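In case you want the letters, here they are:
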Amino acid sequence: MNKKVRVRFAPSPTGGLHLGGVRTALFNYLFARKHNGTFVLRVEDTDQNRFVEGAEAYIVNCLDWCGITPDESPAKPGNYGPYRQSERKPSYRKFAEQLISDGYAYYAFDTPEELDAKRKEIPNFQYGQATRMQMRNSLTLTISEVEELLAAKTPHVIRIKVPEDEIVHFNDLIRGDVSFETAIVDDKVLLKADGMPTYHLAVVVDDKAMEISHAFRGEEWLPSAPVHILLWKYLGWEADMPAWAHLPLILKPDGHGKLSKRDGDRLGFPVYAMNWTDPKTGDLTKGFKELGFMPEAFINMLALLGWNDGSEQEIFTLAELEAKFAIERISKAGAKFDFEKAKWYNHEWIKQSTAETLQKPVKNELLKAGIEVNDETFLNTVIELIKDRCTLLPDFVAQSGYFFAAPAEYDSASVKPKWTNEKAAFFEAYAENINLTNVIDAEANFKTLAEAKGFKPGELMLPFRIMLVGGKFGPGVFDIAILLGAAETQSRIAKAIAVFNS
Ligand code: GLU
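Please read all numbers here as calculations on a predicted model, not as lab measurements. (Residues numbered from 1 in each chain as written. Predicted model: local features only at pLDDT ≥ 70, side-chain atom pairs only at ≥ 80, totals over all residues. Heavy atoms only, no water.)

**What to know about the sheet that holds strand β4 (residues 157-160)**
No. 1: If you walk across this open sheet you meet the 3 strands as β3-β4-β7, and the pairing is antiparallel. Among the strands making up the open sheet, the edge pair consists of β3 (105-108) and β7 (189-191). Neighbour to neighbour, the strand axes of the sheet diverge by 40° on average, direction disregarded.
No. 2: Examined bridge by bridge, β4 and β7 share 2 bridges and lie antiparallel to one another. In the sheet register, isoleucine 158 faces β7, and the bridge partner there is leucine 191. (Pairing = 2+ DSSP bridges. Helix = DSSP H or I, 4+ residues; strand = E, 2+ residues; numbered from the N terminus. Axes fitted to C-alpha atoms, helices over the stretch in contact; angles between N-to-C directions.)

Below you can see the structure in the form of structure tokens.
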């Protein structure tokens, strides 16, 4: 690679960050790390109508949570700022005007009413080669008419003049040679009446100004590519054009169409990285983070949506992904999203994480449930004991609550039908003679006593578990008892006997 690698994630701050957006950011990040390059966050906020308060800060938080913090961004400017397009507004007009003087663009003065009328007159109206000569623009008006309209500050836009019957080719790093017939490409607006550029002009001007070497973006931007390729050429910058890579779509679970936020709502899984509250409606959309995903698992899952390293390996740390990521192994085909598989990744990550790594998020979950833990050594032991049973972080609460408080309720239905005075007597005796030195001795002690009283130890294990835990779940019952300690175990036995006897 001869050019210095500079890549950009260029979201529009219009709402929650879809997991497809995070994957685009991730692939940019991985490519930058792999090639000692720079990962830039550029905020594409030129569409004032779609601007949403708080969306930019939210995007930044999502990237931070995922551990893929940009090297250059509005908050951490490098030498290519500003990093918000709205702040670059003065830089665009001259390029739009240069395109006009070179014959590649034109002023269009059509009012919204005139455009509406045309849309009614011509079904599927496109402002382009077939219609542009019927419209009010600098191609159809005389020079002096145009000058007058401009002098009178008549609202106008600048449109690209897409060439007639040409084929625009480019090489996509994922798709190979891609070509478009210009006959189907409309004359996109480049500069709007408010003086703001549209995405099409801004993306090209900024990729050039920021010396972007590779542009990774979702496949949904492929139809816009011919306009961008033409602009690179018309502005005389072809030699500096980034290499293109359009990432495969993330599909609905059934494979039919792009995964949308609505699919998540309909099928009951998150699509956004983090909780997003719409500032206008107050509506909350849940995110992966708050549902209890570890960021390591979330990005691991995303990396494998459309990419693999050629082996069967599925679990990758971010460092491994940074080392192994290769564009050649991104697939062309869309990747189906599978929420069960996403949970599988999280479960695997919880299992392989140390108690130290899990401690902070677990403490947080417990706190949300009103359980404050100060003894971190004890918490680490608990985490180690139960982590294999937890798929999402909140599962730690259900799986560990009984370590921090005696059960308030018991699954009595599982005990009472077979509860006898003899069993009560056994547990009273057991509590008095309890030995919790280690699991082997604890188990032997329990069995010996059970057999001496004429019980099969098996029929006493379930009541014992329910006494300590409240229900039929959890790790080995002697592991639990040892961790609770003799005094607490004795007190729980006594309390439960009273409940089962009543
Ligand atoms: N602003 C576009 C978006 O919201 C960026 C597309 C691109 O990367 O060119 O996704």
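Here the narrative resumes.
**Some details on the side chain of histidine 156**
No. 1: Counting through the fold element by element, histidine 156 comes out in the loop between α5 (143-151) and β4.
No. 2: Histidine 156 sits in the buried class, given a relative accessible area of 14%.
No. 3: Look past the residues within four positions of histidine 156 in its chain and what remains in contact with it is Arg93, Tyr107, Ala108, Phe109, Leu150, Lys192 and Ala193. (Buried < 20%, exposed > 50% of the residue type's maximum accessible area, 1.4 Å probe, protein only. Contact = heavy atoms within 4.5 Å.)

**Description of the packing of helix α1 (residues 19-34) against helix α10 (residues 295-303)**
No. 1: For the pair α1 and α10, the least separation of the axes is 10 Å and the interaxial angle reads 85°. Classed by the angle they form, the pair α1 and α10 counts as roughly perpendicular. Along the contact surface, α1 presents Leu19, Val22, Arg23, Leu26 and Phe27, while α10 presents Phe298, Ile299, Leu302 and Ala303.
No. 2: Broken down by class, the residue content of the contact of α1 with α10 amounts to 8 nonpolar, no polar and 1 charged. (Parallel < 35°, antiparallel > 145°, perpendicular 65-115°, else oblique. Nonpolar A, V, L, I, M, F, W, Y, C, P; charged D, E, K, R; others polar.)

**Brief notes about the site of the ligand**
No. 1: The environment of the ligand is made up of Arg8, Ala10, Pro11, Ser12, Glu44, Tyr199, Val203, Arg217 and Trp221.
No. 2: Between the ligand and alanine 10 there is a distance of 2.8 Å, counted from a nitrogen atom to a backbone nitrogen or oxygen.
No. 3: Arginine 217 is positioned with one of its side-chain polar atoms (N or O) 3.0 Å from an oxygen atom of the ligand.
No. 4: A class-by-class count of the residues in the shell around the ligand yields 5 nonpolar, 1 polar and 3 charged. (Near = heavy atom within 4 Å. Polar contact = N/O pair within 3.5 Å; in protein donor to acceptor, adjacent residues only side chain to side chain.)

**Let's talk about the side chain of asparagine 380**
No. 1: Assignment of secondary structure puts asparagine 380 in helix α14 (residues 376-386).
No. 2: Its relative accessible area of 14% is what places asparagine 380 among the buried residues.
No. 3: Those residues within four positions of asparagine 380 in sequence are excluded, and the remaining contacts are Ala355, Glu356 and Gln359.

**A short note on the pairing of β4**
No. 1: Here β4 shows no split at all, with Val157 and Arg159 on one side and Ile158 and Ile160 on the other all buried.
No. 2: The sheet contact formed by β3 and β4 spans 4 bridges and is antiparallel. When the sheet's bridge partners are listed, alanine 105 is paired in β4 with isoleucine 160.

**Considering the packing of aromatic side chains**
For any pair of aromatic rings, the description consists of the separation of the ring centres together with the inter-plane angle of the planes.
No. 1: This model, assessed by the stated rule, comprises 41 aromatic pairs.
No. 2: Measuring from centroid to centroid gives 6.0 Å for tryptophan 232 and tryptophan 237, while their planes differ by 70°, and the two rings are edge-to-face. Accessibility classification places tryptophan 232 together with tryptophan 237 in one group, the buried group.
No. 3: Put simply, the rings of Tyr410, Trp419, Phe426, Phe427, Tyr430, Phe446, Phe455, Phe464, Phe478 and Phe500 pair up and form one aromatic cluster.
No. 4: The residue whose ring lies beneath arginine 6 is tyrosine 80, and the NZ or CZ to ring-centre distance is 3.6 Å.
No. 5: A cation sits over an aromatic face here: lysine 341 above tryptophan 344, 4.3 Å from the ring centre. (Phe/Tyr/Trp six-rings, centres within 6.5 Å; stacked < 30°, edge-to-face > 60°. Lys NZ or Arg CZ within 6 Å of the ring centre and 35° of its normal.)

**Thoughts on the environment of valine 162**
No. 1: The residue valine 162 is located in the loop between β4 and β5 (167-172) in this model.
No. 2: Residue valine 162 is classed as buried on the basis of its relative accessible area, which comes to 2%.
No. 3: Separated by 69 residues in sequence, valine 162 and leucine 231 have C-alpha atoms that sit 9.7 Å apart.
No. 4: In this structure valine 162 touches Arg132, Thr182, Val185, Asp186, Asp187 and Leu230, once residues within four positions along its chain are discounted.

**Things to note about the nonpolar core**
No. 1: The biggest cluster of nonpolar side chains holds 111 residues, and the ones touching the most others in it are Phe298, Phe337, Phe427, Tyr430 and Phe464.
No. 2: By residue number, the principal contributor to this core is α1, which donates 9 residues.
No. 3: Each residue touching phenylalanine 427, except ones within four places of it in the same chain, is listed here: Trp419, Phe446, Leu460, Pro463, Phe464, Met467, Ile493 and Ile497.
No. 4: Core analysis: the second largest hydrophobic core is formed by 39 residues, Leu149, Phe180, Leu190 and Ala225 among them. (Core = buried A, V, L, I, M, F, W, Y, C linked by side-chain atoms within 4.5 Å.)

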